[in-house]
Amino acid sequence: MSTQLKSLLNPEQYEAATNLEGPLLIIAGAGSGKTRVITYRITEMLNQGINQSSILALTFTNKAAREMAGRVKELVGRKLPQLTVSTFHSFGVQILKKHITLLGWRENFSIYDTNDQRSLIKECARELKWSLEYLDFGHCMSTFSRIKTRRSKWSDPEIDDSLQPLYEEYQSHRKLYNALDFDDLIRLPIDLFQQHPQVLEEYRKRYKYIMVDEFQDTSIQQYEMMKLLADGSRNICVVGDDDQSIYSWRGANFDNIRNFERDFPELREIKLEQNYRSTGTILDAANHLIKNNKNRKIKALWTGGDGGKPIELYQPQDERAEARFICDMIQTLNLKEQIHYHDISILIRTNALARGIEEELMARNLPYRITGGTSFFERPEVKDMISYLRCLANPDDDISLLRIMNTPRRGIGKKTLEHMTELAQSQGMSLYGAMQALVLANDSPIGKRARADIEDFLELISEFRPKLLSGKDLAQSLRALIAKIDYWGHLVGEHPNNERVAKFKLRNVELFTSSLEQWEKDPDNLSPSVFNYLNRITLAGKDDDDSEEGKVNLMTIHSAKGLEFDVVFIAGVEENIIPHQRSLEENDAGSYEENMEEERRLFYVALTRAKMKLYLTSCQQRKVMRDLMSMTMSPFIEEIPEKLIDIKEPDTEISEEEAHNYFELMKKKFAAVEE
DNA sequence: GAAGAGTAGATTTTT
DNA sequence: TCTACTCTTC
């Protein structure tokens, strides 16, 4: 195998793939065959007789995890059920699923996403009788996150310590509801390892070989977790590229590369600098751009390939012209150069930019796939279903309970809720607990009718809870539940004059149910419990339609990391978009200069996704929220040498007046002919 | 307790 | 433009 491997990899790649023992730092430039090295490295381990269950590969996104697992399977040619390839967050859930009771939590915990978190903060603020008007949730959540991940303390000068009571309230509510937020998924396993060394020992014994991909984007917490696990065997391999660090706003810290060098001084370092992906032109442009960043490891990415075509920059009139241009180009490329749709990608800085482009793609019947953005799972009707499932799994989950308690309307209104909240607050129980107490109480403060309504609701929960917890026929049970609560009737009632909307929503509910069914019937799925399903969808979102080939990819630059395409369009290459205006504001993630460097890295990531051809578009005008803004080209364009980029003249559009005059002229001409 | 009208605010990136 | 929340009325 090893000789064969030698012919498949270049010397540095070979080194990286075959050095299995001891700490290893791989600095892998864009397109240097990083994924290839990792997958071959895992294969090499298996070939050397290392047990698949001893291998742990941690990635940053679910997409990366899926892809890595898929490629290894393909290389090895068999299924590897004991191999752990997972994101940090999912791995955290896995650990907590087994051991969370040691930390004083109950099983079947809920995981709160950003929206749930927001609702909970709102709830807490209400309870503290704070005015919601001036409460900035973004600020709250980022502060809470800093405190929780111990990046900051309340006494730190940059921290708004007036939020501390709210934080305490938030924390105690989560405990009461048995609900974890994303930060907990990393933080609690660390606590567990520190408080229960025997558990840590168990994991160290199992995972003898650890690999971390996209290491430049790990947070201090994730690094800590990784270090705890690796400190037994010290067979730890991290792969990263400081030039592609684009998540500092989420606590990613590329100082981790330095920390790694400090904590594992015996490490071996390998640099992969040959780029196999892009043409010379693209690489040259990217290198010139990134050179402007001061805070980076020196690297010289080179390619043996030829120059390739110049980068083209177009300046359409506005975002609609931009969408039309991109679609025209895609159709031409597909027709004349036989480029497959799935080898083309349109990259955008913000999700909001997707809409206009999506509309045009749709109008032309161009098949496309959109990654990220407002997820299917955030649609109100789907969220209802999720909340039902969550409540059945964990009735103490107040945030979900609040959502479904009166959806469809069952007479549990504001007044009743007030009573329940009061009771729950004074007794330190969840709303569900309060409901049970109210029904049992003799001197109940609520009316007979409301009491009967609550009873009905509790009955519903106790009827379906065992069905859902049985782990069998989940979709079937959910369908029964939907019928029982007459959700269709509810939808029709909500949209009295619009059956189409109601039907659309019902279709989404059905889509959701069948996605659950598919997941549960998947033979590779070893434990199809509601709990696992819920975790999966909050952590991973909708199943990517990876199977659906032949579609143009539309996504943010962030979600394009790690991917490559023959042709890449970058839309909205304008000042205030790339770099993004709000990202530059000095904030707790960094200074203006640091943020500018991160935006530059982001643009670098975007450029280096392209293999053959890059098109950039910079609109002259753009509709931002309601008003039309005049736009200028991104300052990053100037950092790319002129000879590499072909800047087209701005498109001129016929103004309405000119068009009018033209038609008048034509009319006269025709009139003249008729005479 | 429910429904409808009216109003204010919102778009940076993801687990 | 759209959504989420508040206020008013039935």
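- Identification of chain A as DNA 3'-5' helicase from Salinispira pacifica is taken from an unreviewed UniProt entry.
- Its UniProt record gives chain A the following Sequence similarities (unreviewed entry) comment, quoted word for word: "Belongs to the helicase family. UvrD subfamily."

## Some details on the domain arrangement of chain A
In step 1: If you check the domain split of chain A, you get domain 1 (1–97 + 192–272), domain 2 (112–177), domain 3 (302–374 + 548–657) and domain 4 (377–541).
In step 2: One C-alpha centre belongs to domain 1, the other to domain 3, and the line joining them spans 32 Å.
In step 3: Tallying the contact residues gives 17 residues for domain 1 and 15 residues for domain 3.
In step 4: Roughly 1300 Å² is buried in total at the junction of domain 1 and domain 3, and carbon and sulfur atoms are behind 52% of that figure.
In step 5: Summed over the shared surface of domain 1 and domain 3, the number is seven residue pairs in polar contact (both at pLDDT 80 or more).
In step 6: Per-class residue counts for the side of domain 1 that touches domain 3 are six nonpolar, four polar and seven charged.

## What about the side chain of Arg609?
In step 1: Here Arg609 lies in the loop between helix H27 (592–607) and strand S14 (610–617).
In step 2: No salt bridge is formed by the buried Arg609; its nearest oppositely charged neighbour, Glu564, is found at 6.8 Å.
In step 3: A polar contact of 2.9 Å, which involves the side chain of Arg609, links it to the backbone oxygen of Leu563.
In step 4: One polar contact links Arg609 to Thr608, side chain to side chain, over a distance of 3.1 Å.
In step 5: Residue contacts for Arg609: discarding those within four places in its chain leaves Ala30, Gln244, Arg277, Leu347, Ala560, Lys561, Gly562, Leu563, Glu564, Phe565 and Val568.

## A word on a nonpolar patch on the surface
In step 1: A grouping of Val624, Met625 and Met629 is seen on the molecular surface, where their side chains present a nonpolar patch of about 330 Å² in accessible area.
In step 2: Following the sequence through the fold, Met625 ends up in the loop between strand S15 (621–624) and strand S16 (627–630).

## A short note on the environment of Asp627
In step 1: Here Asp627 lies in strand S16.
In step 2: Counting along the chain gives 324 residues from Asp627 to Thr303, while the straight-line C-alpha distance between them is 45 Å.

## Here we look at the sheet that holds strand S3 (residues 84–87)
Hydrogen bonds between backbone groups are what pair the strands of a sheet, and the pairing can be parallel or antiparallel.
In step 1: Taken in spatial order, the six strands of this open sheet run S3-S2-S6-S7-S1-S8, and their pairing is parallel. The open sheet has two free edges, formed respectively by S3 and strand S8 (268–272), since each of these has just one partner strand. The mean inter-strand angle of the sheet, taken between neighbouring strand axes irrespective of direction, is 15°.
In step 2: Sheet topology note: the strand S1 (residues 24–28)/strand S7 (residues 236–240) ladder contains four bridges and is parallel. Bridge pairing in S7 links Leu24 to Cys237.
In step 3: Where helix H5 (residues 88–99) meets the sheet, its contacts fall on strand S2 (55–59), S3 and strand S6 (209–212), and the angle it forms with S3 comes to roughly 110°.

## A look at the packing of aromatic side chains
In step 1: Taken as a whole, this structure holds 19 aromatic pairs when the rule is applied.
In step 2: Between Phe603 and Phe636, the ring centres sit 5.8 Å apart and the planes meet at 20°, which makes this aromatic pair stacked. Of this pair, Phe603 sits in helix H27 while Phe636 sits in the loop between S16 and strand S17 (645–650); the two residues are 33 residues apart in sequence, bridging distant segments of the chain. Like Phe603, the residue Phe636 is buried in the burial classification.
In step 3: Linked through ring pairs, Phe91, Phe193, Tyr203 and Tyr207 together constitute an aromatic cluster.
In step 4: One Lys or Arg, Lys467, reaches over the ring of Phe464 and ends 4.8 Å from the middle of that ring.
In step 5: The residue whose ring lies beneath Lys613 is Tyr615, and the NZ or CZ to ring-centre distance is 5.1 Å.

## Overview of the protein's contact with DNA strand B
In step 1: Within the structure, DNA strand B sits among 28 residues, and Asn351, Ala352, Arg409, Thr416 and Arg582 are positioned closest to it.
In step 2: Sugar and phosphate atoms form 57% of the subset of DNA strand B atoms that lie within 4 Å of the protein.
In step 3: Between DNA strand B and Arg250, the relevant distance is 3.3 Å, taken from a base oxygen to a side-chain nitrogen or oxygen of the residue.
In step 4: One nitrogen or oxygen atom from the side chain of Asn406 is found 3.4 Å from a phosphate oxygen belonging to DNA strand B.
In step 5: Elements with a minimum of two residues in the surface near DNA strand B: helix H18 (414–427), helix H25 (557–560) and helix H26 (581–584).
In step 6: Among the elements that make up the surface near DNA strand B, the one with the highest residue count is H18 (three residues).

## Section: the UniProt feature "binding site: ATP" (unreviewed entry) in chain A
In step 1: The residues that UniProt annotates with the feature "binding site: ATP" (unreviewed entry) are Ala28, Gly29, Ala30, Gly31, Ser32, Gly33, Lys34 and Thr35.
In step 2: Under the relative-accessibility criterion, Ala28 is labelled buried at 2%.
In step 3: In contact with Ala28, other than residues within four places in its own chain, are Lys34, Val239, Gly240, Asp241, Gln244 and Leu272.
In step 4: With respect to the secondary-structure elements, Thr35 resides in helix H3 (residues 34–47).

## Structural notes on the pattern of salt bridges
In step 1: As enumerated under the stated definition, the model contains 48 salt bridges in all.
In step 2: Salt-bridge contacts for Lys148 lead to Asp184; the nearest nitrogen and oxygen are separated by 3.1 Å. Residue Lys148 is located in helix H7 (residues 137–148), and its partner Asp184 is located in helix H9 (residues 182–195); the two are separated by 36 residues in the primary sequence. Of the two residues examined, Lys148 and Asp184, each falls in the buried class.
In step 3: Among the salt bridges present, the one from Arg403 reaches Asp384, with a minimum N-O distance of 2.8 Å. Separated by 19 residues along the polypeptide, Arg403 in helix H17 (residues 398–404) and Asp384 in helix H16 (residues 380–393) bring together distant segments of the chain.
In step 4: Under the relative-accessibility criterion, Arg403 is labelled partly exposed at 30%.

## With respect to unusual backbone geometry
In step 1: For the bond from Ile578 to Pro579, the omega torsion is 0°, close enough to zero to count as cis.
In step 2: Structurally, Pro579 can be placed in the loop between strand S13 (565–570) and H26.
In step 3: One non-glycine residue, Asn365, adopts positive backbone phi at about 60°.
In step 4: Its location among the elements puts Asn365 in the loop between helix H15 (354–363) and strand S11 (368–370).
In step 5: Here Asn365 falls in the exposed class, since its relative accessible area comes to 70%.
In step 6: Located in the positive-phi region is Asp486, a residue other than glycine, with phi close to 50°.
In step 7: Considering the arrangement of structural elements, one finds Asp486 in the loop between helix H21 (474–484) and helix H22 (487–494).
In step 8: Overall, Asp486 belongs to the partly exposed group, its relative accessible area being 43%.

## A closer look at the side chain of Arg174
In step 1: Of note, Arg174 is situated in helix H8 (residues 164–177).
In step 2: Aside from chain neighbours lying at most four places away, what touches Arg174 is Trp105, Leu120, Lys148, Ala179, Leu180, Asp181 and Asp184.

## Notes on the sheet that holds S17
In step 1: Here we have seven strands laid out as an open sheet, ordered S11-S12-S10-S13-S14-S9-S17, and parallel in their pairing. On the outer flanks of this sheet lie S11 and S17, each paired with one strand and no other. Strand-to-strand twist of the sheet, defined as the mean angle between neighbouring strand axes without regard to direction, takes the value 20°.
In step 2: As judged from the three bridges shared by strand S9 (residues 311–315) and S14, these two strands associate in the parallel manner.

## Description of the packing of H7 against H8
Any two packed helices are characterised by the angle at which their axes cross and by the distance between the axes.
In step 1: The geometry of H7 relative to H8 is characterised by a closest axis approach of 11 Å and an angle of 75° between their N-to-C directions. Taken as axis vectors, H7 and H8 run roughly perpendicular relative to one another. Taking contact as the criterion, the partners of Cys140, Phe144, Ile147 and Lys148 in H7 are, on H8, Leu166, Tyr167, Tyr170, Gln171 and Arg174.
In step 2: For the contact of H7 with H8, the per-class residue count stands at six nonpolar, one polar and two charged.

About the thresholds
Residues numbered from 1 in each chain as written. Chains lettered and ligands numbered in written order. Predicted model: local features only at pLDDT ≥ 70, side-chain atom pairs only at ≥ 80, totals over all residues. Heavy atoms only, no water. UniProt positions renumbered as here; feature names shortened; annotations may be inferred. Domains from an automatic or database assignment. Contact = heavy atoms within 4.5 Å. Buried area = accessible area lost by both parts, 1.4 Å probe. Polar contact = N/O pair within 3.5 Å; in protein donor to acceptor, adjacent residues only side chain to side chain. Nonpolar A, V, L, I, M, F, W, Y, C, P; charged D, E, K, R; others polar. Helix = DSSP H or I, 4+ residues; strand = E, 2+ residues; numbered from the N terminus. Buried < 20%, exposed > 50% of the residue type's maximum accessible area, 1.4 Å probe, protein only. Lys, Arg positive; Asp, Glu negative; His and termini not counted. Salt bridge = Lys/Arg side-chain N within 4 Å of Asp/Glu carboxyl O. Patch = residues over 30% accessible without salt bridge, like charges linked within 9 Å, V, L, I, M, F, W, Y side chains within 5 Å. Areas by Shrake-Rupley, 256 points an atom, 1.4 Å probe, with all protein chains shown as cover. Pairing = 2+ DSSP bridges. Axes fitted to C-alpha atoms, helices over the stretch in contact; angles between N-to-C directions. Phe/Tyr/Trp six-rings, centres within 6.5 Å; stacked < 30°, edge-to-face > 60°. Lys NZ or Arg CZ within 6 Å of the ring centre and 35° of its normal. Near = heavy atom within 4 Å. Parallel < 35°, antiparallel > 145°, perpendicular 65-115°, else oblique.

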